Amino acid sequence: MMRLTTRSAPETEAVGAALGARLHPGDLVVLTGDLGAGKTTIAKGIARGLGVTEPVTSPTFTIVQEYEGRCPVAHVDVYRLERLQELHDFGFDELLESHVVLVEWGGAITRLLPADRCEVELTLDAADDAVRRVEITAIGPGWSTRRAELDDALAAVAPTAGTA
Ligand code: ADP
Ligand code: MG
């Protein structure tokens, strides 16, 4: 739906903040991309947009980290999960009922998560290590009414590389 280009980590955070400002409990945001692509960086911005004031750190070792903003926020990193079943073991489905859930997902098996979600795909630039392509796709009924507003907010914070 939206393709943006960012040229610094703070710019990627700003994109996250614009998205975070429009999220509410029950929303799932799936962050995909290679190691170092900026998943945790954009998660920090999303949390800021959700009103989280405490520092957001990578949950790689804890798997899930909870924050309190204007609503509860759960930041999940599945990098260390051995089996997907573990997601259910720590109560992923319950989290989704009350929290905004941000999932950092290294691989391409996102189809195993609920389909109604906002997907943020981050891609490193081969030529410039400060540049990222950020592709944001919101799928499902929970997003239809917010899509246009989200597009406008995102376009205001980062150069648009083209709208899908
Ligand atoms: P991931 O969680 O995907 O492994 P991180 O967000 O932890 O990635 O790391 C991204 C790294 O890349 C950080 O050190 C950040 O400062 C750096 N960086 C450089 N340019 C950008 C950019 N445009 N967007 C996001 N991060 C950037
Ligand atoms: Mg990370």
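Relevant structure appears above.
Quick summary incoming for the structure in this document.

Criteria and thresholds
Residues numbered from 1 in each chain as written. Chains lettered and ligands numbered in written order. Predicted model: local features only at pLDDT ≥ 70, side-chain atom pairs only at ≥ 80, totals over all residues. Heavy atoms only, no water. Near = heavy atom within 4 Å. Polar contact = N/O pair within 3.5 Å; in protein donor to acceptor, adjacent residues only side chain to side chain. Areas by Shrake-Rupley, 256 points an atom, 1.4 Å probe, with all protein chains shown as cover. Helix = DSSP H or I, 4+ residues; strand = E, 2+ residues; numbered from the N terminus. Nonpolar A, V, L, I, M, F, W, Y, C, P; charged D, E, K, R; others polar. Salt bridge = Lys/Arg side-chain N within 4 Å of Asp/Glu carboxyl O. Buried < 20%, exposed > 50% of the residue type's maximum accessible area, 1.4 Å probe, protein only.

1. Topic: the site of ligand 1
Next, step 1: Around ligand 1 sit 17 residues in total, of which Thr12, Gly36, Lys39, Thr41 and Ala130 are the nearest.
Next, step 2: Within the backbone of Ser8, an N or O atom sits 3.1 Å from a nitrogen atom of ligand 1.
Next, step 3: Here an oxygen atom of ligand 1 sits 2.9 Å away from a polar atom, N or O, in the side chain of Arg132.
Next, step 4: Here ligand 1, which alone exposes 580 Å², has 72% of that area covered by the protein.
Next, step 5: Put simply, the parts of the chain that give the shell around ligand 1 at least two residues each are helix H1 (9–20) and helix H2 (39–49).
Next, step 6: Among the elements that make up the shell around ligand 1, the one with the highest residue count is H2 (three residues).
Next, step 7: In terms of residue class, the shell around ligand 1 is made up of four nonpolar, seven polar and six charged.

2. With respect to the pattern of salt bridges
Next, step 1: Scanning the entire structure with this criterion turns up six salt bridges.
Next, step 2: Here Arg146 makes a salt bridge to Asp27, at a shortest N to O gap of 2.8 Å. Here Arg146, found in the loop between strand S7 (132–139) and helix H5 (147–157), pairs with Asp27, found in the loop between H1 and strand S2 (28–32); they are 119 residues apart in sequence, far enough to count as distant. Asp27 shares its class with Arg146; the two are buried.
Next, step 3: With a closest N to O distance of 3.4 Å, Arg133 and Asp125 form a salt bridge.
Next, step 4: Judged by relative accessible area, which is 21%, Asp125 ranks as partly exposed.

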